[in-house]
Amino acid sequence: MGVNLSGRSFLKLLDFSTEEIEYLLTLSRNFKDLKRTGTPHRYLEGKNIVLLFQKTSTRTRCAFEVGAMDLGMGVTYLDPGSSQMGKKESIEDTARVLGRMYDGIEFRGFAQEDVEELAAKSGVPVWNGLTDLWHPTQMLADILTVQENFNYDIKGKTLVFMGDAKNNVARSLMVVCAKLGMNFVACGPEACMPASDVVEACEPIAAENGCTITLTQDVEAACAGAHVIYTDVWVSMGEPDEVWAERIEQLEPYRVTTQVMELADPSAIFLHCLPSFHDTNTTIGADIAAKFGVTEMEAEDEVFESRRSKVFDEAENRMHTIKAVMYATLK
Ligand code: CP
Ligand code: NVA
C-alpha cells in the first residue's frame, strides 16, 4: 500500500514508520529537482499556513516561508512576542482559533506538550519546528544531505554526534538513524548523554533495522571509520546563560577538530544544524571569547570551512524537506 500522510501532524519521528520517512525523503528529492529546473509547483494554491515562533530562527522560518510560497500558499509569521498565546490565551484556545483560519500550523517553542496540544486541538496538521525535546524537520534535511553524499546508500553507515548529546538535535538523530538503518554514536561526557527514555525507545528500532546505538566518552573509538561527524551548539535555546562555564569545561574535549575528522572514514562529511559558534563573529561568540578565552566552540573554523563540511547544502535542504512535509500532509 502506498504511503498517505494527508492530514497528519509532524511532531516527532518516533510517530513515523521507516517507509513514511523514506517517502518524505524521496518527495524532498523531487521537490529539489523541481526547484533546480525552475519548474513551477504551486500544488497547494489557495491554502494558508501560520508560523508560530516562541524562539528565534533563520533556517526554519525561511524554509517554511519559501516552501509555502513555492507551493502557492499564503503565510503568516507570528514572532516570539507578537501573539496572545501563553500570556493572554491558552495553547488550547489559540489552537482552536488558528485551526479555524489556517490549513496548517508550524510551531517552534519550549515544551513538546505545547506542540502536541496544538495538534490535538486545532484540527489541522501541525509541524514541529523545534522544541526542547525534538527537531524532526531538521532530520529530513540532514539525512537528505547524507544520501546526496553517499549515493543514496546510507544503510550501515555510521553517524557520530559529538558534544551535548542530550539535546533535541542529538535525540532526533538517534531516532532517524535507528529508523533508517544507520549506526548512531553519541560521543560526549557522561553528563551530556541522551536520556534513557530515548535510548530505550530507539534500541529495539535499531535492532529491527540492523544497526546499532552506542553511547561513549571515547572520541577515538567513536569517530574511527565514521561516515558523518555531526555537532551542535553546547548550549541550546532556552537554557540559562549560567550553564556556559560548566558546558565549556565538559565539552571542550568533544570539539570537532581537524584531528577528529582525520579519524573518520576518508569519505566522511561534517554536518551541523546551524547556527554554529565556529569563530567569534557573533555577539555570543565574542562574549564567550572575552569571558573564557575560547574562540571556537563545538567545531573548529578549519573544519567548518573545509571541503568535508556540507553545512550549507544541509541548510538549503531544510527548504526542500519542509516543503515535502507540508505537501504530504496538506495535499
Ligand atoms: N537549524 C535550525 O533550526 O536553524 P534555525 O534556528 O535558524 O531555524
Ligand atoms: N540544539 C539547538 C538547535 C538549534 C537549531 C537549540 O535548541 O538551540
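Residues numbered from 1 in each chain as written. Chains lettered and ligands numbered in written order. Predicted model: local features only at pLDDT ≥ 70, side-chain atom pairs only at ≥ 80, totals over all residues. Heavy atoms only, no water.

Caption draft 1: Region of interest: the sheet that holds strand β3 (residues 104-108). The strand order across the open sheet built from four strands is β2-β1-β3-β4, with neighbouring strands paired in parallel fashion. Sheet topology places β2 (74-78) and β4 (126-128) at the edges, where each strand pairs with a single neighbour. Strand-to-strand, the axes of this sheet are offset by a mean angle of 20°, without reference to chain direction. Two elements, β3 and β4, share three bridges in a ladder whose sense is parallel. The residue of β4 that forms the bridge with Phe107 is Asn128. Contacting β1 (48-53), β3 and β4, helix α4 (residues 112-122) crosses the sheet at an angle of about 165° to β4. Here helix α13 (residues 311-330) sits on the sheet and contacts β1, β3 and β4; the angle it forms with β4, its principal contact strand, is near 155°. (Pairing = 2+ DSSP bridges. Helix = DSSP H or I, 4+ residues; strand = E, 2+ residues; numbered from the N terminus. Axes fitted to C-alpha atoms, helices over the stretch in contact; angles between N-to-C directions. Contact = heavy atoms within 4.5 Å.)

Caption draft 2: Representation of the packing of aromatic side chains in the model. Taken as a whole and judged by the stated rule, the model has nine aromatic pairs. Between the aromatic rings of Phe10 and Phe16, the centroid separation amounts to 5.1 Å while the plane-to-plane angle is 55°, which identifies the pairing as tilted. This pair shows no difference in class: Phe10 is buried, exactly as Phe16 is. Grouped by ring-pair contacts, the aromatic residues Phe31, Tyr43 and Tyr327 constitute a single cluster. Stacked on the ring of Tyr77, the Lys or Arg Arg61 has its end atom at 3.5 Å from the ring centre. Positioned over the ring face of Trp134 is Arg171, at 4.3 Å from the centre of the ring. (Phe/Tyr/Trp six-rings, centres within 6.5 Å; stacked < 30°, edge-to-face > 60°. Buried < 20%, exposed > 50% of the residue type's maximum accessible area, 1.4 Å probe, protein only. Lys NZ or Arg CZ within 6 Å of the ring centre and 35° of its normal.)

Caption draft 3: Layout of the sheet that holds strand β7 (residues 213-216). Read across the open sheet, the five strands follow the order β7-β6-β5-β8-β9; overall the sheet is parallel. A single partner strand is all that each edge strand has here, and the edge strands are β7 and β9 (269-272). Here the strands of the sheet are splayed against their neighbours by 20° on average, with no regard to which way each runs. Pairing geometry for strand β5 (residues 158-162) and strand β6 (residues 183-187), over five bridges, is parallel. Of the residues in β6, the one forming a bridge with Val160 is Val185.

Caption draft 4: Fine view of the site of ligand 1. The environment of ligand 1 is formed by Ser57, Thr58, Arg59, Thr60, Arg108, His135, Gln138, Cys273, Leu274 and Arg318. Between ligand 1 and Arg59, the relevant distance is 2.8 Å, taken from an oxygen atom to a side-chain nitrogen or oxygen of the residue. Backbone polar atom of Leu274 to a nitrogen atom of ligand 1: 2.9 Å apart, as the coordinates give it. Partitioned by chemical class, the residues of the shell around ligand 1 number two nonpolar, five polar and three charged. (Near = heavy atom within 4 Å. Polar contact = N/O pair within 3.5 Å; in protein donor to acceptor, adjacent residues only side chain to side chain. Nonpolar A, V, L, I, M, F, W, Y, C, P; charged D, E, K, R; others polar.)

Caption draft 5: Expanded view of the nonpolar core. In this structure, Phe184 and Met326 are the most contacted members of the largest nonpolar core, which totals 65 residues. In terms of residue count, helix α6 (residues 168-180) provides more of this core than any other element does, nine residues in total. Core analysis: the next-biggest nonpolar cluster, separate from the first, contains 34 residues, Val185, Tyr254, Ala264 and Val303 among them. (Core = buried A, V, L, I, M, F, W, Y, C linked by side-chain atoms within 4.5 Å.)

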